[in-house]
Amino acid sequence: QVTSFPSDNHDVYKDLVDEALIVAADQINLSREKKDSAVPRVEFSPKQCITFAKINLKSAHKAGPDIDRALRNLKFGLSFLRDASKTINYWKEHYNLSLSLSEEYAHAMFVKGGDSA
């Protein structure tokens, strides 16, 4: 049975879900950053990479006016797609996701002024 949220608390729950999504993306992305060369980079399956690319795209949408956060999420989303490409053609199999990440990254770079993220 699906539980519905009381209408007066819907925005509160939505905000909590949005915040959880942002935190999840940040934690996933931390696994990709190599701060210590002695620590091996975490490898993910292609399916996980696609899921993490989607999470980063959604998190970028939730960044609001924080263009640097949006760029960071989009950049990580694209890196997860590249990692998935070891076994799949992500442009062919996940065209909409690939296009959205690429277009939104380009747009965010344009808005920022073209500086590297």
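As a reminder, the structure under discussion sits directly above these lines.
S.K.: Got a minute to help me understand the nonpolar core in this structure?
M.R.: If you look at soluble globular proteins, the nonpolar side chains tend to sit buried side by side. Leu74, Leu81, Leu97 and Leu101 are the most contacted members of the largest nonpolar core, which totals 22 residues. When residues of this core are traced back to their parent elements, those giving at least two are α2 (46–61), α3 (67–84) and α5 (95–112). In terms of residue count, the dominant contributor to this core is α3 (7 residues). Leaving out residues up to four positions away in the same chain, Leu74 has contacts with Leu57, Ala60, Leu101, Glu104, Tyr105 and Ala108.

S.K.: Just to check I follow, could you spell out α5 for this structure?
M.R.: The terminal C-alpha atoms of α5 lie 25 Å apart, and with 18 residues this matches the ideal 26 Å at 1.5 Å per residue to within 8%. The first or second residue beyond α5 is Gly113, which carries a positive phi of 115°.

S.K.: Explain the pattern of salt bridges to me, please; I cannot follow it from the model alone.
M.R.: Oppositely charged side chains are able to pair whenever their charged atoms sit close together. Applying the stated criterion across every chain yields a total of 6 salt bridges. One salt bridge in this structure joins Asp26 and Arg72, with 3.8 Å as the shortest N-O distance. Here Asp26 is found in helix α1 (residues 10–30), whereas its partner Arg72 is found in helix α3, with 46 residues between them in sequence. Linking Asp68 and Lys112 is a salt bridge whose minimum nitrogen-to-oxygen distance equals 2.8 Å. Here Lys112 lies in helix α5 and Asp68 lies in helix α3, a separation of 44 residues in the sequence. Of the residues examined, Lys112 reaches a relative accessible area of 29% and is grouped as partly exposed.

S.K.: For this particular structure, what's the right way to read the packing of α2 against α5?
M.R.: α5 packs onto α2 with a crossing angle of 40° between their chain directions and a minimal axis gap of 11 Å. When the interaxial angle is binned, α2 and α5 end up oblique. Considering how the two elements wind past one another, α2 and α5 form a crossing that is left-handed. Contacts from Ile50, Ala53, Lys54, Leu57 and His61 of α2 reach α5 at Leu97, Ser100, Leu101 and Glu104.

S.K.: Where do I start with the packing of aromatic side chains in this structure?
M.R.: Given two aromatic rings, one states the distance between the centres and the angle between the planes to describe the pair. Taken as a whole, this structure holds 5 aromatic pairs when the rule is applied. Pairing Phe44 with Phe52 gives two aromatic rings, centres 4.9 Å apart and planes at 85°, and the pair type is edge-to-face. With a centroid separation of 6.0 Å and 55° between ring planes, the pair formed by Phe44 and Phe80 is classed as tilted. Here the residue Phe44 occupies a position in the loop between α1 and α2, and Phe80 occupies one in helix α3, the gap between them amounting to 36 residues. In textbook terms, an aromatic cluster arises when at least three aromatic residues are bridged by ring pairs, as seen for Phe44, Phe52 and Phe80.

S.K.: Help me understand α3, please; the structure alone is not making it clear to me.
M.R.: Think of an α-helix as turning once every 3.6 residues; residues three or four places apart then point the same way. Its 18 residues place the ends of α3 26 Å apart at the C-alpha level, agreeing with the 26 Å of an ideal helix rising 1.5 Å per residue. When we look at burial in α3, the residues that qualify are Ala70, Leu71, Asn73, Leu74, Phe76, Gly77, Leu78, Ser79, Phe80, Leu81, Asp83 and Ala84.

Definitions and cut-offs
Residues numbered from 1 in each chain as written. Predicted model: local features only at pLDDT ≥ 70, side-chain atom pairs only at ≥ 80, totals over all residues. Heavy atoms only, no water. Core = buried A, V, L, I, M, F, W, Y, C linked by side-chain atoms within 4.5 Å. Buried < 20%, exposed > 50% of the residue type's maximum accessible area, 1.4 Å probe, protein only. Helix = DSSP H or I, 4+ residues; strand = E, 2+ residues; numbered from the N terminus. Contact = heavy atoms within 4.5 Å. Expected span 1.5 Å × (residues − 1). Salt bridge = Lys/Arg side-chain N within 4 Å of Asp/Glu carboxyl O. Axes fitted to C-alpha atoms, helices over the stretch in contact; angles between N-to-C directions. Parallel < 35°, antiparallel > 145°, perpendicular 65-115°, else oblique. Left-handed = near helix turned anticlockwise from the far one by under 90°. Phe/Tyr/Trp six-rings, centres within 6.5 Å; stacked < 30°, edge-to-face > 60°.

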